[in-house]
Amino acid sequence: MYRYDSYDQAIVDARVEEFRDQTQRRLTGALTEDQFKPLRLMNGLYLQLHAYMLRVAIPYGTLSGKQMRKLGEIAGKYDKGYGHFTTRQNLQYNWIKLADAPDILAELAMVEMHAIQTSGNCIRNISSDQYAGVSADEVADPRPWAELLRQWSSFHPEFTYLPRKFKIAVIASDDDRAAMRLHDIGLKLVERDGVVGAEVYAGGGMGRTPMVAPLIRDFVAEDEIISYLEACLRVYNRYGRRDNKYKARIKILVHEIGVEEYKRQVEEEFAHMRALGLNPPVEELARIRDFFAAPAYESGLSEEIDRSDRAFALWVDRQVAAHKAPGYAIVNISLKPIDGIPGDASAEQMALVADLAETYSFDELRVTHAQNLVLPHVRKADLRAVWQKLVAAGLAEANLDLITDIIACPGLDYCALANARSIPLAQKIASRFAAAERQAEIGELKLKISGCINACGHHHAGHIGILGVDRRGVENFQLLLGGSGAEDASLGQITGPGFSEDGVVDAIEKVTDIYLAERESGERFLDTYRRIGMKPFKEAIYG
Amino acid sequence: MKILTGNDLASGDVIWWAGDGWSRQVSDATDVGTHGDELARAEEAALRVVGAYVIDATRDEDGVRPAHIKDRIRAFGPTVRPDLVEQPTEADIGKWVI
Ligand code: HEM
Ligand code: SF4
């Protein structure tokens, strides 16, 4: 894992002290809320429905045991004993006191973490594949690239006041586990003639105008990626719409001027950038890469998994993925218990997962955009011990990518922008489909819920998506079908008029019934939908 | 009636104007009539509240009920964590929110 050097640490520590002073001045009245708000937002501190909310960055979703333990400690000491893992691989605390915020940031800095650039019109936390470095099919580990981008984008003076927020994802496999094409910029590492470089996608996003990013360059070499991205951002920074918040994302610029024109302008700027020689030195790239060297895997390990316990075997089949090293496995930890809150983890659960990482996974953890956790390197021989501990902590749900593995934003239970509550709906759907056999029968089905058009819950990218709307003061839910955030990215289509909370659960049941009746062998829900189209589903729902 | 709400500056807690100061219980909220905005600015300047705003509400035998669901959730707390509600009231409080 990457470790801060003295520059990283000094910058983060200085930021904490600066914020301590700003907070003090706010509490004594030297700063008004209008003056203070932009300062707190630069440190990830929002004012939400019930209290201040702090968003902590988890760079490319990678954490050490120590970091996770600290997140749990903060939840216990300063919050109400839990935190919420988000679709951007961040963690949000819902009950923060302003007076405590500087101390929390100081505690985070002790474990090389912060909340910088988790809000505002800047480049946000870089997201990545939770299987980075351990999946057999990747071209290279995407995390050194993500770390390079983190260093480049942190406090980048030119990109601190972009027209709007800017989100970047980096992946390196054909399987897209990071919703790469729904980011402002997505990078996919590819190999060409033995050299690793990146395909660059630009202008994706969700929100009120969802778009799947088009490819704008099929290869940028590693040592030029910074210059190329600098060019992409420059064109956006110059021409992105600052006059209208709803048209300010890069997707609107790319859409309005056209992909070809945007590409042309980027290439022109890139040619100019190249001449300036701004690329990071090759030694720095090598230094970063060294941090992500594979851990010391043991050789000659057993591939055997004792499947005599049925519950354990079911969990293995669902939650465990293939690892590139013999004798090892990737363990997905579900944060979606049937009656729980998607993405929430208690302080105790965070502490337990930290222990598991240290004992069984080379001190490493991952956070996924689907609001789950991953132990990336577990010996197959240890799976049973890990499972038993997860069972005891209520973390052994076996539902990865099934209908109850629901992504849900905080919605109206926590979010000041919401129209409707997402979490109670997620719970109702999960309990309707709770039976393990039923979930297994339905198979892969990605269900995603947002409480408003901002789409934090990725509803456009759900095989089934749900959007909360406000119908004259009453919660109402629109249903979407056919979205995907994976390598086959697509945007869901609205079925028709919206539903009440119970109505939408019934509608989903009708939708899954049609799928089960119509599917051909090997088809996932999404495949059947794509083959037969919206009509049969619509007829079943509105009949 | 019109009531005034906001968040306590230092703790962030949801608070309601109770006539002579702020309360954490919506049931203490009093009608601010046409003085809400003026009161909000004065209380903000006195560092007792942040983000104060006036809302519509009604009063009946169950207490004060904000007109909009968002403010009822602020008054009650997250509907999915009844264990966190400061003053756990009747079991069917969820109905009060909706
Ligand atoms: C509760 C505090 C939150 C606030 C105030 C908030 C606000 C917003 C807003 C205003 C947008 C739309 C931006 C735009 O289209 O220009 C947005 C988008 C988004 N948010 Fe949030 N959000 C919150 C929580 C979350 C959480 C908890 C998650 C993860 C579960 C999240 C993940 C995202 C994602 C993935 C997008 C879509 C990005 C895109 O448009 O490309 N946000 N958020
Ligand atoms: S989608 Fe809307 S309701 Fe949900 S977290 Fe984002 S802003 Fe809040």
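You'll find chain B entered in an unreviewed UniProt entry as DUF2849 domain-containing protein, with Sphingobium xenophagum given as the organism.

## A look at the overall build of chain A
Helix and strand counts for chain A come out as 17 helices and 20 strands. Taken against the 2.2 N^0.38 rule, which gives 24 Å for 543 residues, the C-alpha radius of gyration of chain A at 23 Å falls within 12% of a compact globule. On the principal axes, the C-alpha backbone points of chain A span a range of 60 × 60 × 60 Å. Evaluated residue by residue, chain A yields a buried proportion of 60% over its 543 residues. Sequence separation of 24 or more characterises 67% of the internal contacts of chain A that already satisfy a separation of 6 or more. When the accessible surface of chain A is summed, it comes to about 20,200 Å², and 51% of that surface belongs to carbon and sulfur atoms. On chain A, the mean spot of the 65 positive side-chain charges and the mean spot of the 77 negative ones are 5 Å from each other.

## Topic: the interface of chain B and chain A
With 22 residues of chain B at the interface, the matching set in chain A holds 32 residues. Interface of chain B and chain A: buried area, both sides summed, is about 2,100 Å²; carbon and sulfur atoms make up 62% of it. The largest share of the area that chain B buries against chain A comes from Leu9(B), Lys70(B) and Val80(B), three residues that together contribute 24% of it. The element contributing the most residues to the side of chain B that touches chain A is helix H2 (residues 69–76) of chain B, with 4 residues. A class-by-class count of the residues in the side of chain B that touches chain A yields 11 nonpolar, 6 polar and 5 charged.

## Some remarks on the domain arrangement of chain A
All names here are of chain A. You can read the domains of chain A as domain 1 (6–110), domain 2 (134–289), domain 3 (310–392) and domain 4 (407–542). The straight-line distance from the C-alpha centre of domain 2 to that of domain 4 is 30 Å. The interface of domain 2 with domain 4 comprises 13 residues on the first partner and 13 residues on the second. Between domain 2 and domain 4 lies a buried interface of about 1,000 Å² when both sides are counted; carbon and sulfur atoms form 68% of it. Counting every contact that joins domain 2 to domain 4 gives 2 residue pairs in polar contact (both at pLDDT 80 or more). Among the residues making up the side of domain 2 that touches domain 4, the classes are represented as 7 nonpolar, 1 polar and 5 charged.

## Quick notes on the state of the cysteines
Residues and elements named next belong to chain A. Applying the stated criterion across every chain, the model contains 0 disulfides over all chains. Free of any disulfide, Cys232 has its nearest cysteine sulfur in Cys122, 18 Å distant. We classify Cys232 as buried; its relative accessible area is 0%.

## Topic: the sheet that holds strand E12 (residues 328–333) of chain A
In a beta sheet, neighbouring strands pair by backbone hydrogen bonds and run either parallel or antiparallel. Residues and elements named next belong to chain A. The 5 strands are arranged E3-E14-E15-E12-E11 in an open sheet whose pairing can be described as antiparallel. Looking along the sheet, the strands with just one partner apiece sit at the ends: strand E3 (62–64) and strand E11 (320–322). The mean inter-strand angle of the sheet, taken between neighbouring strand axes irrespective of direction, is 35°. Here E11 pairs with E12 via 3 bridges, running antiparallel. Across the sheet, the residue bridging to Val320 is Val331, located in E12. Along the sheet, helix H12 (residues 383–392) makes contact with E11, E12 and strand E15 (373–379), crossing E15 at roughly 150°.

## A closer look at the site of ligand 1
Residues and elements named next belong to chain A. The environment of ligand 1 is formed by 23 residues, the closest being Thr86, Thr87, Lys165, Arg249 and Cys456. Between ligand 1 and Met206, the relevant distance is 3.1 Å, taken from an oxygen atom to a main-chain nitrogen or oxygen of the residue. The contact in question runs from an oxygen atom of ligand 1 to an N or O atom on the side chain of Arg249, over 2.9 Å.

## Thoughts on empty space enclosed by the protein
Residue and element names in this part refer to chain A. Following the criterion strictly, the structure yields 4 cavities of 30 Å³ or more and no others. The wall of the largest cavity is formed by 15 residues, among which Tyr2, Pro59, Tyr60, Gln67 and Glu112 lie closest to the centre. Counting residues per element, the ones that place at least two in the lining of the largest cavity are E3 and helix H5 (143–153). For the lining of the largest cavity, the residue count by class is 9 nonpolar, 3 polar and 3 charged.

## Regarding the site of ligand 2
In the region of ligand 2, the neighbouring residues are Cys409(A), Pro410(A), Gly411(A), Cys415(A), Leu417(A), Ala418(A), Ser450(A), Gly451(A), Cys452(A), Asn454(A), Ala455(A) and Cys456(A). Among the residues forming the shell around ligand 2, the class breakdown is 8 nonpolar, 4 polar and no charged.

## Some remarks on the packing of helix H1 (residues 6–27) of chain A against helix H2 (residues 33–41) of chain A
All names here are of chain A. Here H1 crosses H2 at 155°, and the two axes come no closer than 10 Å. Regarding the angle of H1 to H2, the classification is roughly antiparallel. Where H1 crosses over H2, the two elements pack in a sense that is left-handed. Across the interface between the two elements, Phe19, Gln22, Thr23 and Arg26 from H1 touch Glu33, Phe36, Leu39 and Arg40 from H2.

## What to know about the coordination of the iron atom of ligand 1
Among protein residues, the single donor to the iron atom of ligand 1 is Cys456(A) (SG), with a metal-donor distance of 2.2 Å. Along the chain, the position of Cys456(A) falls in the loop between strand E17 (447–450) and strand E18 (464–471).

Conventions and cut-offs
- Residues numbered from 1 in each chain as written.
- Chains lettered and ligands numbered in written order.
- Predicted model: local features only at pLDDT ≥ 70, side-chain atom pairs only at ≥ 80, totals over all residues.
- Heavy atoms only, no water.
- Helix = DSSP H or I, 4+ residues; strand = E, 2+ residues; numbered from the N terminus.
- Rg over C-alpha atoms; globule rule 2.2 N^0.38 Å.
- Buried < 20%, exposed > 50% of the residue type's maximum accessible area, 1.4 Å probe, protein only.
- Contact = heavy atoms within 4.5 Å.
- Areas by Shrake-Rupley, 256 points an atom, 1.4 Å probe, with all protein chains shown as cover.
- Lys, Arg positive; Asp, Glu negative; His and termini not counted.
- Charge placed at Lys NZ, Arg CZ, Asp CG, Glu CD.
- Buried area = accessible area lost by both parts, 1.4 Å probe.
- Nonpolar A, V, L, I, M, F, W, Y, C, P; charged D, E, K, R; others polar.
- Domains from an automatic or database assignment.
- Polar contact = N/O pair within 3.5 Å; in protein donor to acceptor, adjacent residues only side chain to side chain.
- Disulfide = S-S within 2.5 Å.
- Pairing = 2+ DSSP bridges.
- Axes fitted to C-alpha atoms, helices over the stretch in contact; angles between N-to-C directions.
- Near = heavy atom within 4 Å.
- 1 Å grid on protein atoms, 1.4 Å probe; cavity = no way out; pocket = protein on both sides within 12 Å on 5 of 7 lines; lining within 4 Å.
- Points joined across faces, edges and corners; volume = space filled by probe spheres on them.
- Parallel < 35°, antiparallel > 145°, perpendicular 65-115°, else oblique.
- Left-handed = near helix turned anticlockwise from the far one by under 90°.
- Donors = N, O, S within 2.8 Å, 3.2 Å for Na, K, Ca; no water.

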